[in-house]
Amino acid sequence: MPRFLHFTDMHLRHHQPGSASNPMRLSRLMPVTLEQLGLRIGEHKPDVTIMTGDLLDIPHEMTDGENSATSLYAQLLAKITADYQLVKNWFEGTGIPYLVIPGNHDHEPTFEKIFGNTRGPRDLAGFRFFSFWDRLGTNRQPERVGASADLFHTALNAPENDCPQIHLQHYMIDPPTRSNGWQYEYKGAAKMNRAVEQSCRVRAVLSGHYHPGSLVNTIGGVTHSLPPAFCEAPHIYRIYDFNGDKAPVITDFSLDT
Ligand SMILES: [Fe+2]
């Protein structure tokens, strides 16, 4: 039975200075917390470990692009690179295959330099995994456009992809979610949802970004899952046990219990 362990939104800072602006996000605790998660991975023995973005909590001055010629930018970039390397070393050290994508608090060029192009597809444990690197639009609502939209279309329609799939993405398709002025589901999410269901290929859509988390099953039998942010206590991770065509058995664990 394929088993997958999923965690998201770590917002780690170790070599980078300071912590996330939101004090709920325990950025500086994350290296120690990762070591604890590594022990749990050894106990659960998943076939794949999945992380759906916001690995790091990049300072805003690095993401606005205006300061890229300054020495401060160069110093921060070196620290960001060191933090991504720390996370990569941790994944490699678990000895378990892993899939990871960037989120809106990541620095995509440095992420890609360390982890490579993780978009896939990649076949693991009887599933074809597609990873979508999407971005927020001008109104802070996520969008799937360009090459990512093309990959989505190919996954759902190309004859060579007619197989059980799991989609990984930082943002959610379902349920529609609005909080504090942010629209968390994709622009055009209803249409995306219909395309996913009509393909009859996708068993699960695994996301991050919305820190309280969510879990729904559509009428078409697709699991849309978003664990609570790992950076916030009690540091939850989610396990999926698949058994044939049945809906996966889903269990949440926390490091604080
Ligand atoms: Fe996040």
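The rules behind these values
- Residues numbered from 1 in each chain as written.
- Predicted model: local features only at pLDDT ≥ 70, side-chain atom pairs only at ≥ 80, totals over all residues.
- Helix = DSSP H or I, 4+ residues; strand = E, 2+ residues; numbered from the N terminus.
- Buried ≥ 20, exposed ≤ 12 C-beta atoms within 10 Å, placed from the backbone.
- Contact = placed C-beta atoms within 7 Å.
- Pairing = 2+ DSSP bridges.
- Axes fitted to C-alpha atoms, helices over the stretch in contact; angles between N-to-C directions.

**So, the overall build of the protein**
Right, on to step 1. A tally of regular secondary structure across the protein gives six helices and 15 strands.
Right, on to step 2. Projected onto its principal axes, the C-alpha coordinates of the protein cover approximately 50 × 40 × 35 Å.
Right, on to step 3. For the protein, the proportion of its 257 residues judged to be buried stands at 41%.
Right, on to step 4. In the protein, once contacts between residues fewer than 6 apart in sequence are set aside, the share between residues at least 24 apart is 67%.

**A closer look at the sheet that holds strand E2 (residues 48-51)**
Right, on to step 1. The mixed open sheet is built from five strands, whose spatial order is E3-E2-E1-E14-E15. Strand pairing shows two members of the sheet lacking a second neighbour, strand E3 (98-100) and strand E15 (249-254), which therefore form its edges. The average angle at which neighbouring strand axes cross in this sheet is 20 degrees, direction not considered.
Right, on to step 2. Strand direction decides the pairing type here: strand E14 (residues 236-241) and E15, joined by six bridges, are antiparallel. Pairing of Arg-238 across the sheet is with Asp-252, part of E15.

**Observations concerning unusual backbone geometry**
Right, on to step 1. Looking along the chain, the bond that leaves Gly-120 and enters Pro-121 is cis, with omega of 10 degrees.
Right, on to step 2. Within the element layout of this structure, Pro-121 appears in the loop between helix H4 (108-115) and strand E4 (122-124).
Right, on to step 3. The step from Ala-233 to Pro-234 runs through a cis peptide bond, and the omega angle for that step is 10 degrees.
Right, on to step 4. Structurally, Pro-234 can be placed in the loop between strand E13 (223-226) and E14.
Right, on to step 5. Of note in the backbone geometry, Lys-45 takes a positive phi value of approximately 50 degrees without being a glycine.
Right, on to step 6. The exposed category is assigned to Lys-45, around which 9 C-beta atoms lie within 10 Å.
Right, on to step 7. Unusually for a residue other than glycine, Cys-200 sits at a positive phi of about 55 degrees.
Right, on to step 8. Tracing the chain through its elements places Cys-200 in the loop between helix H6 (189-199) and strand E11 (202-206).

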